[in-house]
Structure formats: C-alpha cells, structure tokens
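What follows is each chain in one-letter form.
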Amino acid sequence: MVIRLLLALVLLPGLTAPAAAQSAASTPPPEIAKALAEVASSDAAVQEAAAVVLGKTGDRKILPLLEALREGSVYVRPLPGGKKETVIVGDKVSEGDKTLVPLFSAYGREPLVGPGGKPLLIELSKLEEVSTGRSLRLVLRPLIDAFSGQTQLADPDWTVRQAAAVKMGNGGDPGSLPALTEALAKEKDRWVRYALEEAIALIQLKSGPPAERVIAATKLGALGSTDALDRLRDVAATADGPPELKQAAAEAVKRIERWGLLTQGIQVIFQGVSLGSILLLMALGLAIIFGLMGVINMAHGELMALGAYTTFVTQGWFQSYAPGAFEYYFLVSLPLAFLVAGTVGFALERGIIRFLYGRPLETLLLTWGISLMIQQGLRLWFGAANVDVLSPKWLSGGVPVMVGIQLPFNRLFIIGLATVAVAGMYLLLFKTDAGLRIRAVTQNRGMAACLGVRSRRVDALTFALGSGLAGLAGCALTQIGNVGPELGQNYIVDSFMVVVTGGVGKLLGTILAAIGIGGLNKIIEPSFGAVFGKVAILVLVILFIQRRPSGLFAAKGRYADS
Amino acid sequence: MQDFSRRDFLKTTAAAGLGAAAGLGFPSVLRAQGGGTVKVGVLHSLSGTMAISEVSLRDVCMMAFEEINAKGGVMGKKIEPVVVDPASNWDLFAEKAKQLLLQDKVAVTFGCWTSVSRKSVLPVFENNEGLLFYPVQYEGEECSKAVFYTGATPNQQLIPAAEYLKSKEGGGYKKFYLLGTDYVFPRTANKILRAYLLATGVPADNIAEEYTPFNHQDYQTIVGKIKRFSSGGGACVLSTINGDSNVPFYKEFANQGLRSENAPIMAFSVAEDELRGMDTSSLVGHLAAWNYYQSVETPQNKKFIQNFKNYCEKNKLPGGSKRVTDDPMEAAYFGVYVWKQAVEKAKSFDVAAVRKAVYGQKFLAPGGEIKMDEANHHTYKPVLIGEILKDGQFKVVSRSKGLVKAEPWSKYTSPDKGCDWVGHQGTYQKKA
C-alpha cells in the first residue's frame, strides 16, 4: 500500500515538487550510512553483518530497506566521481524497449529527484543489483518481524495491533516485553489490551523468574487464554518444575478449558442461527409462492442470482459515478435487487406461468427451463467467470463479544435482514387487506374468487413478492459467498429442503425448519465433518418427511384441493 | 463454437469412412492429413462448472496456434484446431475424445483440467494411439504413454510449499491444518503432505485434516476449528479447496479475526484467473505455490501477457484486455510449442515418432526455460511461492534453485515406484 501510494505521489507531476523538497532533508547518521554502503557488498558475510547493525539501530527509517532487500529491489547506483549509492527501486515502467525505474533513498525510502525537481527515472540496466542470498534472507526475517511488530503495535487499525500482540506473545521473545508494556500503557481498546496482557503473561510464563511465572500462569487462567493452553499443559506436566508453578498451571488449564467449552457452546449457537437465517432468507420467497399457487419455482435460485448481479452492477455504478458514497452502495442495492427480481418474477408470471396453473409438472419443467435460460443469459452477459462484489468496510471484520468469540458483521447483518424480512412478511400477510386476500386465495381459491377476490391479480403480486424476496436473498448472499452464473444452483436444494420440511404454505413452519436445519447442521458438523454433516442432514430430513409427509405444519381446515 | 459447415461435415465423414475402410492397417500414417493443414484437438469444457477455468486454456491454446500459423505453421502445414465442448461432463469427455481421434483424426490433443476428466479419456487415448498434452498440476500417481504432463506433480508444488512454511525464512511453522474439497486431488495431496510432514518430524498431533463437499459455502465451523488449532501460534493452513468455495472460506477466515501474520493459508488451487472473480481484500498476505505467476519478470513473459491481452481484445472475448495469465495457462501454452518442436525434430506427425522426440525437449516458456523429462512424460519446472497482493497478483517470495525434476510417484508415499517409458515399459517398481 505504502509503496503504491508513494509511487502514485511520484508519478503525479503536480505533487512531485513539494514531496521531493521535503525528502531531500533527511540524511542518515554516519554509522548507518556506513552500514548502508556495506549492505550492498558482494561479500555475503559483510552484507549480513551490516544488516544486523542496521536492524539493531531500531531506526524505523531502515525498515523499508530491509523489506526491499528481502524482495530483491535494492540496487547500487554509480554516482559521478566513482562514488556509489545504495538505492531502492520502485515499480518498473516500460518505455519503448527500455525498462525504467523510479529511485528511492535507502534511508527512509524517500523518492529521489533529478534536476528540475522531477522524479528520477533510471534505466534498470544502468544499475547494479544487490544479490540477496538465502542466508541473508534468513537473517532479515527476524529483524523485519521485530521492526514491523513495533510499527504494528501503533497501527490505527485495532485488528492489526491485536494481531501483532498475539504474534509477539506466541513468539515468546523477552526482547519484545518493553514494547508490549509501553503499548499497554497507551492502549485504550479493550480487546487489544486483552491481547497485550495475554502476550506479556505468555512471555513471562516462558522466561520470567519463578515467582513471576506463577503469577503469569494464574493470570493466563483468569484471562481464559486459549493461546496459552498448550504451554500451560507443558508446564503442568514438567517433572522437575517448582510445585507451586505446576499447581498454578494446572488450575489455569482447568479454567481455560471450562471457558473454552462455554465459548464453543455459544459459538455453535451463533453459527446455527446464522446458517438458519441464511436458509430462511433463501426459502422465504419460495415458500410463499409454493404455498399460494402450488407452483414449484425451479427458477428461484436464478432469481437469487439476478439479485446478486444487481448488487454487482450497483457496485460498478457507485465505483464510477459516486466513489465517495461507495460504502453505502450495499444499502442501495438491497431494494434494487428486490425490485429487479420482483419485476422479472412479475413478467414471468404474467407472460408464461399463468397459463399453466393447476398443472404442477408442466410448471416445474417450465420454471426449470426458465432457470437454464436466465443462467445462460447471465453467462453471456457477464461471462462464465465469477464477478467480484466487494464487501463495504462496515460488513467486513467482526465484533469481539467475549474472549475467543468474534461475531462477523456480515453474518450479524444477514440475521438482522432475515428478521426484518420475516417481520415484514408477517405484517403484510396478517395485518393488511392485501395479506387477507393472499391468505384467502391460499386457503380456497374458488371460494375466494366467488367472494370477489381477483385471484389472478393476487397470484401475480404474490409471485412478484416471492421473486423479490429471492432477489433480496441473492443480494445478501454476495456478502458471504461468490457471485457467478451458477450461484442459484448452489442454494436451490437447501431452499427446497427447508420449504418441504416446514410444510407447505406456513410461514412459521418455514422459520422453524430453517433454524432447525441450520442449528442441527452446526451441531453435527464439528464431530462428523462437513461432508458427513451434509449427508446426515439429508437423511434426517428424508426420515422426517417419511413420518410427516406434509412437513412440520400440515395445512388444516377446509382446503379446496385437499 | 467451431465453424463446422455442412459441407465440412460431409467431407470429414467421408474421409472418416475412407479412413476406417482403408486405414485399419496403418492408422497413424493417415492421421497426418494432406491439404496443407494439420488438425489438432482442443478438449476443454466451455460450459458447465469447469468452464470458469477451462475457457482460458482454450483461449491460450488458440492463441498459440494463431502465432504458429502466422509464422508458417508446423513443418509448412497450418494448424487447424478442432474445438469440442465436453461440457464439464466426465462421460462426454471420453465421447468427445473418441470423436477427435477417430472422426477428426487429430494429430495431437490439448485438454482436460480435472483428474476425473483425464482418467475418463485415458483409455481412449491409450487404445487409439492418441497423444494428449495435460496442462494442470495434479496429484501424480499416473504415467500414461499417451499423455505428456506439463503441469506440476506433488513434489513440484506441495512439498516445496510445506518445506517453505517449515523453514526459518517461511516462518518456521509447526502445526499444519490440511483442508480440502472432497475429491481425488486434495485427498491424494493431503496423503502425500501428511507423509512428508510425519517423515520430517512433525508430530501427528500437530496435523489436522478436513474435507468439505463441492460448493461448500458455510465455513463457520471449520474456521472456528482452525482458530482453536492455531491458538498458541505456529500454525498454518495448507488449502486444496477448489473453485467457488474459496471466497466464503477466506471471508470467514478474516471475519473471525484470523490474519495471515498469525496463521497463513497456503493455497494450491488459487491462481490469478480465479482471483479475477474474487474480492481480494480478505486474501491479501496469504500464500500460494505454483510454477508460474503473471508477475514473473522475464522478457518472454511480458510478451506473452501482452499478446494474450491483445488476442482477447481482438477476438472480443469476455474480459478483453483485463484478462490475466496463470500457471495452467502457461503450461497449456508451452505444451503447444513443445509439440511443435517435437514434430519438427521427428519430421513427422506420427504419434510414436513425436512422442520419442518430446523426450528432453527444451523450451523457453514465459516463466523461464522448462525441459521435458527424458523418460517419465512429465516436465522439469521451477517452483515459486507467491504472496497474494491487493490487485489479485502474486509477489514471489521464494523460488527454487533451478528446475525441479517431476516425480509422478511421491517418494514419501510410494518410495518403491517410478516411471520410465524409455528404459522400462512405463511404471516400474524400484529395486530395494
């Protein structure tokens, strides 16, 4: 990132002059300057010694050079008068058959400027490459890690700080204690503080004096640190350790294990709810169409794909016309996906499906044909390859709720969306006149028509509504999976499973079936693996349908065609 | 796809009939057609689930034919490609292969991606004196006389990747989570990796193995497991997850708070072409092991990429100049040239003569010079470990010294087996 940014700065003519003017100022202290020259030596031993000297200075302006050495982008540039200068080269630019490179100073990686304040572009063949052997790269790795660890502890992004602390803790190098303690004093974020405390305790447990180790062990137990589990077990099992340390470690292990069980339980519940809400969102539209019209809509998956591609197109539109508001594109694409899929559904119903009511086999084949056509259409229009839909920042990452549990934002969002969709459907079906008519037609089409309900219109609107819900689901799915012409195929089987298990035409049945299947899947998966988890769910659903052919909630009462 | 007019159809069927009538005694001679052209087959899925990967191989082969034809063809004959679409359907692969060999009488075929498709065409090529160039890294344990494998074997991809992760330079990882899609490549790959890790002193407790069905979307449980597995540090994931499942996996990985600094994922099935359709933000910093990257700096690679982009733009292929190149594409591309060189060396299109001429053939491929093995039908290749960058490209972080010889049978799982079509007749048991 930084490299690219710097390069962009260099390549923008307007910005070059000020950037260059500032950069010319910094010159390295003499001992660093000497090491800078030596690191370009052709003698590997001299090179390595110089790298270590540079690493030991702890000067952050050295880091880019060390990284560049590892990448192999350090060169020596001959200066007039027989002098030589160590430089870092940037991304290559082709000009005719020449390869040009921008140059950066070895100290601080600032762009070098030529006469007239222009960035210096030099032909690569005029420079001498500094060879980086395997042994030098081995020396470089810990030096860079130490440097980057310290830089990362001060990073504005809390996840970077947390990861750096965890890494240092697991590394167990007592040399990083001062940096960690210093960071802890400044840190405000609860979860980074936790990681820092854990890291400090881990290092103390490993290499502190005996009394400190006992305290560290107890502390790790209190923190519920899973990172420490293996190490504490080792300590508790060592034969010749001091007894109080062994005892403290054993107690800590027990505490952490208890905590681990609790977090795992909560984890499984969340995962079940999350999977259930995804299934629910996918099956909702299908259930409504199936329940009302008896149409088995095989094109449901493709309507989801339409919603997903709508999201992709919206994203592209935002990227080109409103890059400033890009973070919010997803909020716009949600209603758009609903509208697009709903309109297509409406057109399908009015144009084709209505001529085939009452003939379930024909509608099944017809909708399947339509699904193939939509799929191929998407493939022709957007290409066979998947397209990338970016997650907005507010849907990436997650929120840590307790030690060891981080709930991803995208999943929380989908749980919320499913809840809203279900609540909306409930209100629509049970609290509005339109809903009353839909329910009337579902229960007894002929009687409803006799009483003056325009059942054809109800059909069309319900089909559009169900399709719109599919579009909504497709839009949401872009945040957890990928988007391609086959998207619908991946989800259609699961959607049918939910609808069939739930019972035809019952909202509550669909909800319970979705949560039930999702939860059961997540309970089975940890012990049996994903493949057998899926098999087991299918077997269970089959057995269930054998026992209750009409699903969880069978339609009761005076139905027209029962 | 192919322009196949009715008259052509009549001609070929007539020719096929004649061939069948007259050519029983010497079928291979008839395969070299007259008329200034030579037919070659392209057997890649252009529809169905594998189209996403295989279409690019079709494109790059067609480009190679065009380049060769522009320079006068092979031994003065223009290449006439016969493109068929086996539609990601394994049975159809065998059928289409039969069509290419018996009806179109192609001199050579470039094709297949998945192992199951290769296994399904294998008997067809073996029984009909056919020749297939197979361009994808695969699980090994095969060495057919009718096939030249230009992709990597396990020892050219899996083992160097695991070696790198274990090395100080790669981070010195001690715990390995082997995760794959449930089919033959990941199963075999993980068998070899496990054998290698155990042989190099990694305790069995530090190796976990897990599989998911095709198109698996819900990685919550698995990522949760990896999180517990990686607590305490020093853990990495070796992933043979295929195709569509990668995005959900990497996304979940990042969202549950795992980062490449603490638990890197080394992928064996994610290349530039797959990254085209992914939101790469959650993949940055993770690793992959291949024998070629688009970012490899060689003059011939620069030309290769530029030519491919121009080719796609000129022929109005989807993606146009935004198309990328990757490892299987490079292998497919140099396969065409290796065949051309072999034909020119043998001075014949006859399969038996060409096969002998392929042995030891060298070619300056986009990623650097490669060499066909002298006896085992595989390819000497360099091994490169790359780190995924934000723009869907790779930064090479480690590179093998020189070329690595292909071992169709891994020495960790089948130390007694080898392959030699010159000294022996194919697969053999090594003497103890």
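None of the values given here were measured: they were computed from a predicted structure.

Tallying secondary structure elements over chain B gives 13 helices and 17 strands in all. A compact globule built from 432 residues should have a C-alpha radius of gyration of about 22 Å, and chain B, at 22 Å, falls within 12% of that. Viewed in the frame of its principal axes, chain B has a C-alpha envelope of about 70 × 55 × 40 Å. For chain B, with 432 residues in total, the buried portion stands at 56%. Sequence-distant contacts in chain B: of pairs separated by 6 or more residues, those separated by 24 or more amount to 69%.

So, on to the overall build of chain A. Secondary structure summary: chain A contains 21 helices and eight strands in total. For a compact globule of 562 residues, the expected C-alpha radius of gyration is about 24 Å, and chain A comes in at 32 Å, more than 25% above that figure. When the backbone C-alpha atoms are referred to their principal axes, chain A occupies close to 100 × 75 × 35 Å. For chain A, with 562 residues in total, the buried portion stands at 44%. Of all intrachain contacts in chain A linking residues separated by at least 6 positions in sequence, the fraction that spans at least 24 positions is 67%.

Turning next to the interface of chain B and chain A. Taken together, the contact between chain B and chain A spans 42 residues of the former and 45 residues of the latter. For the side of chain B that touches chain A, the elements supplying multiple residues, two or more each, are helix H3 (51–70), strand E7 (207–212), helix H8 (220–230) and helix H9 (246–255) of chain B. Among the residues making up the side of chain B that touches chain A, the classes are represented as 10 nonpolar, 19 polar and 13 charged.

Looking along a regular strand, one sees the side chains alternate between the two faces of the sheet. Residues and elements named next belong to chain B. Counted residue by residue, strand E1 (residues 37–43) has six buried out of seven residues, so it is predominantly covered. Strand direction decides the pairing type here: E1 and strand E2 (residues 78–84), joined by seven bridges, are parallel. Opposite Val 40, over in E2, you have Pro 81 as the bridge partner. Read from E1 through H3 to E2, the crossover connection turns out right-handed. In this sheet, strand E3 (residues 109–111) lies alongside E1 in parallel orientation, the contact comprising three bridges. Residue pairing for E3: Val 42 is matched across the bridge by Phe 110.

Turning next to unusual backbone geometry. Residues and elements named next belong to chain B. Even without being glycine, Glu 141 reaches a positive phi, approximately 60 degrees. Among the structural elements, Glu 141 can be located in the loop between strand E4 (132–134) and strand E5 (147–149). The phi angle at His 377 is positive, at roughly 65 degrees, despite the residue not being glycine. Looking at where His 377 falls in the secondary structure, it is placed in the loop between strand E12 (368–372) and strand E13 (379–380). His 377 sits in the buried class, given 25 other C-beta atoms within 10 Å.

Residues and elements named next belong to chain B. Across the sheet, five strands lie side by side as E2-E1-E3-E4-E5; this open sheet has parallel pairing. In this open sheet, the two edge strands, each paired with only one partner strand, are E2 and E5. Pairwise comparison of adjacent strand axes, ignoring direction, gives a mean angle of 25 degrees for this sheet.

With that settled, the discussion passes to helix H21 (residues 507–547) of chain A. Its 41 residues place the ends of H21 of chain A only 21 Å apart at the C-alpha level, less than the 60 Å of an ideal helix rising 1.5 Å per residue. Maximal helix bending in H21 of chain A amounts to about 130 degrees, located at Gly 529 of chain A.

All names here are of chain B. By the bridge criterion, six bridges tie strand E6 (residues 175–181) to E7 in an arrangement that is parallel. Its bridge partner being in E7, Leu 179 is matched across the sheet by Glu 210. Crossover connection from E6 via helix H7 (residues 184–199) to parallel E7: handedness right-handed.

Turning our eyes to something else, we now look at the sheet that holds strand E14 (residues 384–388) of chain B. What holds strands together in a sheet is hydrogen bonding between their backbones, with the strands either parallel or antiparallel. Residues and elements named next belong to chain B. If you trace the seven strands from one edge of the open sheet to the other, you get E7-E6-E8-E9-E10-E14-E15, paired in mixed fashion. Edge positions in the sheet fall to E7 and strand E15 (394–399), since each of these pairs with one other strand and no more. Taken over all neighbouring pairs, the strand axes of this sheet differ in orientation by 25 degrees on average, direction set aside. Bridging between E6 and strand E8 (residues 235–240) involves six bridges; their strand directions are parallel. Bridge pairing links Leu 179 to Ser 239 in E8.

The next thing to look at is the confidence of the model for chain B. The predicted model of chain B has a mean per-residue pLDDT of 87, with 91% of residues at 70 or higher. Every residue in residues 1–34 of chain B is under pLDDT 50, and counting partners more than four places away or in other chains gives 30 contacts.

Turning our attention to the environment of Phe 553 of chain A. Mapped onto the fold, Phe 553 of chain A is located in the segment after H21. For the pair Phe 553 of chain A and Leu 508 of chain A, spaced 45 residues apart in sequence, the C-alpha to C-alpha distance is 8.2 Å.

Moving on: the packing of helix H6 (residues 158–166) of chain B against H7 of chain B. Residue and element names in this part refer to chain B. Contact pair H6 / H7: the axes reach a minimum separation of 10 Å and the direction vectors enclose 45 degrees. Regarding the angle of H6 to H7, the classification is oblique. When you trace H6 past H7, the crossing you get is right-handed. Residues Leu 158, Ile 159 and Ala 162 of H6 pack against Ala 189, Ile 192, Leu 193, Tyr 196 and Leu 197 of H7.

What counts as what
- Residues numbered from 1 in each chain as written.
- Chains lettered and ligands numbered in written order.
- Predicted model: local features only at pLDDT ≥ 70, side-chain atom pairs only at ≥ 80, totals over all residues.
- Helix = DSSP H or I, 4+ residues; strand = E, 2+ residues; numbered from the N terminus.
- Rg over C-alpha atoms; globule rule 2.2 N^0.38 Å.
- Buried ≥ 20, exposed ≤ 12 C-beta atoms within 10 Å, placed from the backbone.
- Contact = placed C-beta atoms within 7 Å.
- Nonpolar A, V, L, I, M, F, W, Y, C, P; charged D, E, K, R; others polar.
- Pairing = 2+ DSSP bridges.
- Right-handed = clockwise from strand over helix to strand, strands pointing away.
- Axes fitted to C-alpha atoms, helices over the stretch in contact; angles between N-to-C directions.
- Expected span 1.5 Å × (residues − 1).
- Bend = angle between axes of the 7 residues up to and from the residue.
- pLDDT = per-residue confidence, 0-100.
- Parallel < 35°, antiparallel > 145°, perpendicular 65-115°, else oblique.
- Left-handed = near helix turned anticlockwise from the far one by under 90°.

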